[in-house]
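# Architecture at a glance
One-letter residues, chain by chain:
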Amino acid sequence: MSTDTSKKVYHSKHRSWWPKHECIICGSTAIGINFGAPTCAPCKAFFRRNARRKEILQMPCPFQDTPTSNVTNSDNNATTDYCSQIRYCSSCRLRRCFDMGMKEDLVRTDEENERYRQLVQANRRRREQVTPQDRPENVSTIPKPIVKKSDLFEVDWTHLSNVVYAYETYCLKNYIQKRTNMFTAQMQIPEDSNVKINYHASTTVNNITSFRTFLSSIPPVQTLSPSERTFLCKHNIRPLILLNLHELEQLCYSEPWQLTCDNLSAEYICGTNLFPEFVKTKTRAAQTLITDPIVTRLWLLILFFSTPLHCYYPTTLPEIGKDRRQTIVHIQHSYAILLWKYLCYRHGDMEAIRIFSNLISVTLRMQRISQAVNAEIRTRNDLAELNAAFNRAVVIESDNPE
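Since this is a predicted model, take the numbers as computed values, not measurements.

## Some details on the overall build of the chain
When helices and strands are counted, the chain shows 14 helices and four strands. Each of the 402 residues in the chain was classed as buried or not, and the buried ones make up 46%. Sequence-distant contacts in the chain: of pairs separated by 6 or more residues, those separated by 24 or more amount to 75%. Put simply, the chain shows about 21,000 Å² of open surface, and 52% of that area lies on carbon and sulfur atoms.

Shown next as C-alpha cells:
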C-alpha cells in the first residue's frame with residue numbers, strides 16, 4: 001500500500017551534499033519526531049503553544065490571494081489547501097500540524113509543566129545537599145568536559161534540558177507576553193521619528209530584559225559575584241541582541257503589519273547605509289543556522305561567558321581581575337564542550353563541523369553589524385535616550401547598586 005507520507009517539500013536554502021530530514025510542516029530542517037511528526041524547532045514550539053487553541057482553526061487566512069500548495073492526507077486521500085506563507089499563517093499552520101499527525105494529547109498541560117518544574121527543582125536541591133566529597137565526579141553545577149566528546153551522559157542531558165526549559169520559561173514566555181501587550185490592534189508607524197525610536201526602544205528592551213531573565217536563571221551565572229555578572233551583562237548582552245532576536249523570531253509568530261513596524265523602526269535606527277546590511281545579516285542567519293533550540297541557546301551562553309565581544313571599551317564599563325576571568329573562561333569552555341558533544345551525538349562528526357562553522361560565520365557577521373549599529377546609537381544625539389534605555393536594561397536589578 002503506497003502513501004504520500006514520503007513526499008517532502010524541498011527548499012533551495014537547505015540543499016546540501018549532506019542528507020537532511022525535512023520538517024513535514026514547513027519544509028525546513030527537522031530536529032526529530034515532535035508530538036508524533038518530524039518537525040523543526042519553530043513548528044514544534046508553535047504546536048505546543050497552540051494545540052489546544054481550536055479557535056485558530058476558524059481564523060481566516062491573511063494570505064488568501066497567494067498561491068496555495070496542495071497536500072494529500074494519507075488517511076482519507078483528501079486534498080487540503082494551505083497558503084504558501086505557512087510559517088506566517090497560524091490557521092494554515094495549525095491545520096497542517098493536525099493533518100500531518102501531530103497529537104494534542106502529547107502536549108503537556110500547565111499542571112504537568114508545573115509538576116515537571118517542581119521535579120527539576122527537587123533534583124537540583126538534592127544535588128546541592130550532596131557534600132563535595134560525596135559528589136560523583138561527573139556531577140557539577142557546571143558541565144565538566146569528558147574525553148569522549150561524542151558520548152552524552154545523563155548529567156549532560158540534564159544540563160541540556162535545563163537550558164532549553166529555562167529559555168522557554170524565562171525568555172520566550174516573557175517576550176511573548178510583553179510583545180502581545182504592545183500590540184492591542186493593528187497599528188501603523190507614522191513618519192514621526194520619535195514614534196519610531198520609542199517603538200524600537202520598547203521591542204529591543206523587551207528582547208534584552210527577556211534574555212537577561214533567562215541568564216539570571218542559569219546556575220553558573222548565579223554562582224558569579226554581582227560585579228562579575230555586571231561585567232558580563234554590560235559588555236556582552238548588547239552584542240547578543242541580534243542573535244537572540246533570531247532565536248525569538250524563529251519561535252514567535254508575527255503578523256505582516258508587525259513585521260512592517262519592526263522594519264520601519266529598525267531602518268530609522270540603523271540609517272539608510274546600514275539597514276540593507278542589517279537585513280542581509282538576518283536573512284543569512286535564517287538561511288544558515290540550524291533550527292535546533294539546544295544549539296542556539298548553548299551558543300548564546302558560550303558567547304555570554306566571553307571576554308568583551310565588542311572592541312569598544314568605554315571607561316564607564318566595569319572590569320574584573322585576571323584570576324576571575326579564568327573562572328569565566330572555564331565556564332565558557334564547559335559549555336563549548338557540551339555543545340560539541342551534542343552536535344557530534346546528534347548529527348555526526350562531519351555535520352557537527354559544518355554546523356559549528358556556520359555558527360562562527362554568522363556570529364562574526366552579526367558582530368560586525370551589531371558594532372556598527374551600536375556606534376550609531378551611541379553617537380547620534382536623537383538616539384541618546386535609546387542608548388540610555390539599553391544601558392539600563394542590560395543590568396540585573398539585584399546587581400544594580402543604584
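The structure having been displayed, the exposition proceeds.
## Observations concerning the nonpolar core
Ranked by internal contacts, the top residues of the largest apolar core, which has 75 residues, are Phe214, Phe304, Phe305, Tyr335 and Leu339. If you look at the next biggest cluster of nonpolar residues, it comprises 24 residues, including Ile24, Phe46, Phe47 and Cys83.

## Description of the side chain of Ser334
Within the secondary structure layout, Ser334 lies in helix α12 (residues 322-347). There is a polar contact of 2.9 Å between the side chain of Ser334 and the backbone oxygen of His330.

## Some words on helix α4 (residues 154-182)
With 29 residues, α4 ought to run about 42 Å at 1.5 Å a step, and its terminal C-alpha atoms sit 41 Å apart, in line with that. A maximum bend of about 30° is found in α4 at Glu168.

## Examining the pattern of salt bridges
Counted under the stated rule, the structure contains 14 salt bridges. When the shortest N-O distance is used, the salt bridge between Arg380 and Asp382 registers 3.1 Å. Overall, the relative accessible area of 35% leaves Asp382 in the partly exposed class. Here the residues in one salt-bridge network are Arg48, Glu168, Glu247 and Arg297, joined through shared partners.

## Section: the confidence of the model for the chain
Here the chain averages 80 in pLDDT, and 78% of its residues register 70 or above. Residue range residues 1-20 is modelled with pLDDT below 50. Its contacts to residues more than four positions away, or to other chains, number 23 contacts. Ignoring residues within four places in sequence, the model shows residues 134-149, a span with pLDDT below 50, making 30 contacts including any to other chains.

## Points about the environment of Ala352
Topologically, Ala352 is positioned in helix α13 (residues 349-379). Owing to a relative accessible area of 0%, Ala352 belongs among the buried residues under this scheme. Between the C-alpha atoms of Ala352 and Trp340, which are twelve residues apart in sequence, the distance is 7.3 Å. Residue contacts for Ala352: discarding those within four places in its chain leaves Trp340, Leu343, Cys344 and His347.

## Things to note about the state of the cysteines
Evaluation of the coordinates by the stated rule reveals zero disulfides. The closest cysteine sulfur to the non-disulfide-bonded Cys89 is located on Cys92, 3.6 Å from its own sulfur. Look at Cys89 and you get buried, because its relative accessible area is 1%.

## Thoughts on the packing of aromatic side chains
For the structure on display, the rule yields eleven aromatic pairs. A ring pair is formed by Trp157 and Tyr342, whose centres lie 6.4 Å apart and whose planes are at 85°; its orientation type is edge-to-face. Taken together, the residues Trp157 in helix α4 and Tyr342 in helix α12 connect sequence positions 185 residues apart. Between Trp340 and Phe356, the ring centres sit 5.9 Å apart and the planes meet at 80°, which makes this aromatic pair edge-to-face. Of the two residues, Trp340 is situated in helix α12 and Phe356 in helix α13; the sequence distance between them amounts to 16 residues.

## Here's the deal with the packing of helix α5 (residues 193-216) against helix α9 (residues 256-270)
Taken N-terminus to C-terminus, the directions of α5 and α9 make an angle of 110°; their axes are 9 Å apart at the nearest point. The orientation of α5 with respect to α9, classified from their angle, is roughly perpendicular. Two secondary-structure elements touch here, α5 through Ser193, Lys196, Ile197, Tyr199, His200 and Thr203 and α9 through Gln258, Cys261, Asp262, Leu264, Ser265, Ala266, Tyr268 and Ile269. Here the contact of α5 with α9 is composed, by residue class, of seven nonpolar, five polar and two charged.

Rules of the game
Residues numbered from 1 in each chain as written. Predicted model: local features only at pLDDT ≥ 70, side-chain atom pairs only at ≥ 80, totals over all residues. Heavy atoms only, no water. Helix = DSSP H or I, 4+ residues; strand = E, 2+ residues; numbered from the N terminus. Buried < 20%, exposed > 50% of the residue type's maximum accessible area, 1.4 Å probe, protein only. Contact = heavy atoms within 4.5 Å. Areas by Shrake-Rupley, 256 points an atom, 1.4 Å probe, with all protein chains shown as cover. Core = buried A, V, L, I, M, F, W, Y, C linked by side-chain atoms within 4.5 Å. Polar contact = N/O pair within 3.5 Å; in protein donor to acceptor, adjacent residues only side chain to side chain. Expected span 1.5 Å × (residues − 1). Bend = angle between axes of the 7 residues up to and from the residue. Salt bridge = Lys/Arg side-chain N within 4 Å of Asp/Glu carboxyl O. pLDDT = per-residue confidence, 0-100. Disulfide = S-S within 2.5 Å. Phe/Tyr/Trp six-rings, centres within 6.5 Å; stacked < 30°, edge-to-face > 60°. Axes fitted to C-alpha atoms, helices over the stretch in contact; angles between N-to-C directions. Parallel < 35°, antiparallel > 145°, perpendicular 65-115°, else oblique. Nonpolar A, V, L, I, M, F, W, Y, C, P; charged D, E, K, R; others polar.

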